[in-house]
There are 2 protein chains.
Amino acid sequence: MDLNAPRGTRDFLPEEAALRESVAGKLKEVFKKYGFVPLETPVMENIEVLSSKFAGGEEILKETYSLTDQGGRKLGLRYDLTVPLCRVFADNMMAKPFKRYQIASVFRDGPLKKGRYREFVQCDVDTLGVEGVDAEAEILSMVKEAFSSIGLDVKIKVNSRLLLNGLLEEAGVEESKQLGALLSLDKLEKIGAEGVVSEMQERGLTKKQAEKVMDVFRKAEKGFAFLEEIKNANATEGVKQLKELFALLKAYGVQAELVPNLARGLNYYTGTVFEVYLKTGEIASSLAGGGRYDDLVGQFSGKEKVPAVGISFGLDVIMEALKDHGERKNASSAKVYVFWIGDTKKDCIKVIQELRKAGIQCLLDLAGRGVSKNFAFASKQSIPFVLIVGEKELEEKKFTLRDMASGKERKLSVEDLKKELK
Amino acid sequence: MDLNAPRGTRDFLPEEAALRESVAGKLKEVFKKYGFVPLETPVMENIEVLSSKFAGGEEILKETYSLTDQGGRKLGLRYDLTVPLCRVFADNMMAKPFKRYQIASVFRDGPLKKGRYREFVQCDVDTLGVEGVDAEAEILSMVKEAFSSIGLDVKIKVNSRLLLNGLLEEAGVEESKQLGALLSLDKLEKIGAEGVVSEMQERGLTKKQAEKVMDVFRKAEKGFAFLEEIKNANATEGVKQLKELFALLKAYGVQAELVPNLARGLNYYTGTVFEVYLKTGEIASSLAGGGRYDDLVGQFSGKEKVPAVGISFGLDVIMEALKDHGERKNASSAKVYVFWIGDTKKDCIKVIQELRKAGIQCLLDLAGRGVSKNFAFASKQSIPFVLIVGEKELEEKKFTLRDMASGKERKLSVEDLKKELK
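Residues numbered from 1 in each chain as written. Chains lettered and ligands numbered in written order. Predicted model: local features only at pLDDT ≥ 70, side-chain atom pairs only at ≥ 80, totals over all residues.

**Description of the domain arrangement of chain A**
Many descriptions give the size of an interface as the accessible area lost when the pieces come together.
Argument step 1. Segmentation of chain A into domains returns domain 1 (14-325) and domain 2 (336-421).
Argument step 2. A C-alpha centroid distance of 50 Å is found between domain 1 of chain A and domain 2 of chain A. (Domains from an automatic or database assignment.)

**Things to note about unusual backbone geometry**
Argument step 1. The residue after Lys-96 of chain A, namely Pro-97 of chain A, is reached through a cis peptide bond having omega -5 degrees.
Argument step 2. Within the element layout of this structure, Pro-97 of chain A appears in the loop between helix 4 (82-92) and strand 5 (98-107).
Argument step 3. For Met-93 of chain B, which is not a glycine, the phi torsion comes out positive at approximately 45 degrees.
Argument step 4. Its location among the elements puts Met-93 of chain B in the loop between helix 4 (82-92) and strand 5 (98-107). (Helix = DSSP H or I, 4+ residues; strand = E, 2+ residues; numbered from the N terminus.)

**Some words on the sheet that holds strand 15 (residues 399-403) of chain A**
To summarise the sheet geometry, strands pair through backbone hydrogen bonds and adopt either a parallel or an antiparallel arrangement.
Residue and element names in this part refer to chain A.
Argument step 1. An order of 13-12-14-15-16 is seen for the 5 strands of this open sheet, with the pairing classed as mixed. Either end of the sheet is taken by a strand with one partner, and the two such strands are strand 13 (362-364) and strand 16 (409-412). Across the sheet, the mean angle from the axis of one strand to that of its neighbour is 25 degrees, orientation sign disregarded.
Argument step 2. Bridging between strand 12 (residues 336-340) and strand 13 involves 3 bridges; their strand directions are parallel. Its bridge partner lying in strand 13, Val-336 is registered against Cys-362. (Pairing = 2+ DSSP bridges. Axes fitted to C-alpha atoms, helices over the stretch in contact; angles between N-to-C directions.)

**A look at the interface of chain B and chain A**
Argument step 1. On the chain A side, the residues contacting the 80 residues of chain B number 80 residues.
Argument step 2. Of the residues forming the side of chain B that touches chain A, the biggest block, 7 residues, is contributed by helix 1 (residues 14-33) of chain B.
Argument step 3. The residue inventory of the side of chain B that touches chain A, partitioned by class, reads 38 nonpolar, 18 polar and 24 charged. (Contact = placed C-beta atoms within 7 Å. Nonpolar A, V, L, I, M, F, W, Y, C, P; charged D, E, K, R; others polar.)

**A closer look at the pairing of strand 11 (residues 308-314) of chain B**
Residue and element names in this part refer to chain B.
Argument step 1. For strand 11, the buried fraction is high: 6 of the 7 residues fall into the buried class.
Argument step 2. Bridge analysis of strand 6 (residues 119-128) against strand 11 gives 7 bridges, and the strand direction is antiparallel. Residue pairing across strands places Asp-126 opposite Gly-310, the latter belonging to strand 11.
Argument step 3. Of the strand pairs in this sheet, strand 10 (residues 288-292) and strand 11 are connected by 5 bridges, and their pairing is antiparallel. Following the sheet pairing, Gly-290 is matched in strand 11 by Ile-311. (Buried ≥ 20, exposed ≤ 12 C-beta atoms within 10 Å, placed from the backbone.)

**Some words on the sheet that holds strand 8 (residues 257-258) of chain A**
Residues and elements named next belong to chain A.
Argument step 1. Across the sheet, 8 strands lie side by side as 1-5-6-11-10-9-7-8; this open sheet has mixed pairing. The open sheet terminates on both sides in strands that have one partner only, identified here as strand 1 (37-38) and strand 8.
Argument step 2. The strands touched by helix 1 (residues 14-33) are strand 5, strand 6 (119-128) and strand 11 (308-314); relative to strand 5, the strand with the most contacts, the crossing angle is about 160 degrees.
Argument step 3. Across the sheet, helix 11 (residues 233-252) is in contact with strand 7 (154-160), strand 8 and strand 9 (272-278); its angle to strand 7 comes to roughly 150 degrees.

**Thoughts on helix 11 of chain A**
Residue and element names in this part refer to chain A.
Argument step 1. The terminal C-alpha atoms of helix 11, which comprises 20 residues, lie 29 Å apart, in line with the 28 Å expected from a rise of 1.5 Å per residue.
Argument step 2. Restricting attention to buried positions, one finds in helix 11 the residues Ala-235, Gly-238, Val-239, Leu-242, Leu-245, Leu-248, Leu-249 and Tyr-252.
Argument step 3. Backbone geometry just after helix 11 places Gly-253 at a positive phi near 75 degrees. (Expected span 1.5 Å × (residues − 1).)

**Description of the relation of the copies chain B and chain A**
Argument step 1. The transformation that overlays chain B on chain A combines an axial shift of 0.0 Å with a rotation of 180 degrees, and the residual RMSD is 0.0 Å. A rotation of that kind, with that shift, is consistent with a two-fold axis. For chain B, the minimum C-alpha distance to the rotation axis belongs to Leu-67 of chain B and amounts to 2.7 Å. (Least-squares fit on C-alpha atoms with pLDDT ≥ 70 in both.)

**Details of the nonpolar core**
Note that soluble globular proteins tend to have their nonpolar side chains buried in a common cluster.
Argument step 1. Counting 252 residues, the largest nonpolar core has Val-143, Val-213 and Val-338 of chain A together with Val-143 and Val-338 of chain B as its most contacted members.
Argument step 2. Setting aside residues up to four positions removed in sequence, Val-338 of chain B forms contacts with Cys-348, Ile-352, Cys-362, Leu-363, Leu-364, Asp-365, Leu-387 and Val-389 of chain B. (Core = buried A, V, L, I, M, F, W, Y, C linked by C-beta atoms within 7 Å.)

**Remarks on the environment of Leu-128 of chain B**
Residues and elements named next belong to chain B.
Argument step 1. Among the secondary structure elements, Leu-128 is positioned in strand 6.
Argument step 2. Leu-128 sits 105 residues away from Ala-233 along the chain, and the two C-alpha atoms are 26 Å apart.
Argument step 3. Once you skip the residues sitting within four places of it in the chain, Leu-128 turns out to touch Phe-89, Lys-96, Pro-97, Phe-98, Val-297, Val-306 and Ala-308.

**So, the packing of helix 6 (residues 161-170) of chain B against helix 9 (residues 207-220) of chain B**
Angle between the axes and distance between the axes: these two values describe a pair of packed helices.
Residue and element names in this part refer to chain B.
Argument step 1. Running from amino to carboxyl end, helix 6 crosses helix 9 at an angle of 130 degrees, the nearest separation of the two axes being 9 Å. With respect to helix 9, the element helix 6 is oriented oblique. Here the hand of the crossing between helix 6 and helix 9 comes out right-handed. Packed against helix 6, whose contacting residues are Leu-167, Leu-168 and Glu-170, the element helix 9 presents Val-213, Val-216, Phe-217 and Ala-220 at the interface.
Argument step 2. Here the contact of helix 6 with helix 9 is built from residues that sort into 6 nonpolar, no polar and 1 charged. (Parallel < 35°, antiparallel > 145°, perpendicular 65-115°, else oblique. Left-handed = near helix turned anticlockwise from the far one by under 90°.)

**Topic: the pairing of strand 9 of chain A**
Residue and element names in this part refer to chain A.
Argument step 1. Most of strand 9 is tucked away: 6 of the 7 residues are buried.
Argument step 2. Note that strand 7 and strand 9 share 7 bridges and pair antiparallel. Along strand 9, the bridge assignment pairs Val-158 with Phe-274.
Argument step 3. In this structure, strand 9 lies alongside strand 10 (residues 288-292), joined through 4 bridges in antiparallel fashion. Following the sheet pairing, Val-276 is matched in strand 10 by Ala-288.

See below:
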């Protein structure tokens, strides 16, 4: 029998699983500090919800796992956490603003390559019901703090779809060709200006248009001074929002960079877009990304328009970044390994229960191994301390604690052990 | 479009989701204290793994959701966390004892009734590689503490499959009919002695056998004194193990009750079995249950036998129990709702960032609402405090904090706010 996890999925053994759990836990703490609340939705969704035209788009739909339940209902595994959020909000119409986080697996039956999996965890944080860039500013401040809480220093890149569209209009690109041009522009860092110009021509722009686009964007990179000269209505509104956003970010004490060609892949963004990168730049992919999508929720409810902004953290790429920067945990989460010698098992249990009562993570020898095997096990599991409960120790009411790093041993009372191991 | 979660699955809105998250978090803390480490496995498994004859058995297999990936691989959604554990252990052969926990959704496409869902969360804790009842004793102590950490007082019922089989042999029940008899006996509390006797006859026992079984079990309920008189080899070994287990439990300071007819449904148990009930008895279902399954892991690896003991907590029934006993959280996890008056938004942001730095969960008005709307929102969300940052407050460097329960307002500096809201 094949004992591997299915192709494209993974088992996370304890060392990795503990680190993932710890990272997710720290992110959650920051989400809560900013007043976001959790939402849980099922792994399966009705296929009708997943395939509605305004959700993920053609490409993602092709990669949706589908199945049928015994009642003949057509279901699929969720491919993101945004569609379930929109569905639940449209169904329940919670008080606005509705600020939720969700950390959960999503599924895509797509081609595999390095860093792409068929089941992966997304950490999504979204604010529904706020029109102004107050929502963006808060989310970006939360993002900065979330990364800092796990020891990663990041830079934030920001842009506006309104500004992008405005600049493309300025360059004379017809509306039908704007999305294509925008996807090419998004690749500027990867394929260079010439690459962008030739890709835009493949997407149906004339050579003159493509060069004009590059020209406008080169100027745009010089910042707000240039941007304010543009008279295009979309661009003007985009610039106004970005300026307000940067002013709020200053109040939050958060730095961000305006990157006029930043577009992000998804169709549904309507305003601000942002991406978060490792500051040191060893990892080319973004660690998190998101933006404003004012039309999506309303399309689900069919009723009022509900403005929305969200960001998604990629747990896998974050774990990759932590491999280079963060500390790794020991295989066992235990602080101390405890074993007994002779006929003291039951007294040993009483000692370990005292330590656990004090909140100390303890691992007890369950197999009745000999002394040297016990030390070997504790060492292999990288447990920092070993505690020995023998008859002499019980008489003295002081127990032998070995520091596994230094090899030093001390005899300590239960009270002192609690202090030492806290 | 149908905006509900698929039939048999659920959305957990923030209030409920926060409570579930908090319960799972507290359970995890106790698991870790006892030296258990996390394991993560995929939602999908190869169907070959799920359908192997030694895993869940016919009944569960009928309820397995199956699907096919684009490469034509046959997959299924996991129906428990025990099979994935056995697969991963057989695949990796980690150091023994291997003590892991996993809290995750499992899926069963079965008939729906009250308290039964198609996606539900199990919290599993298992010890692999320990032959003696040391593993059982540790798990039961952990269970007691885990329930106590969430405010539930439980009673633990224990039995042994060895003892059960021995008692059935004593009553003259042929081996082929023992499993059936055992499943009937398990229902003693539900259907009474007469019910058990008549069900056993339906399962092929003679009336004489059935009555003998009941007779033996009535005596067994009188405890170890009677049990020790039995000369049957299985029963004697079962009694020996149970006595050792009860002695260890005493050292752990944990009470348990011997219930000689307790069997549990699954085929794969080989020794101790246990179930955990709410002490006050309002909820008839068990909150957790498990036992020893010494053959399962070895059947996956095809190599050495790996003794194993495990318990599974049902998150749904625990949430049901907490509805009666535990406290409910407020809808928002925020401690304080903050809004500004006039032109002080950016200063207000600076104040809220100071509070967040101190670890306080804050919710900021993102919509620029008026004073009364802000108070109404905070009240509706059951947020305990409201903080107002106006121009006068900024001048004085003291900010108005309203206690929403009493309606009292005080003016406090940022430092005092930190102390007050911690």
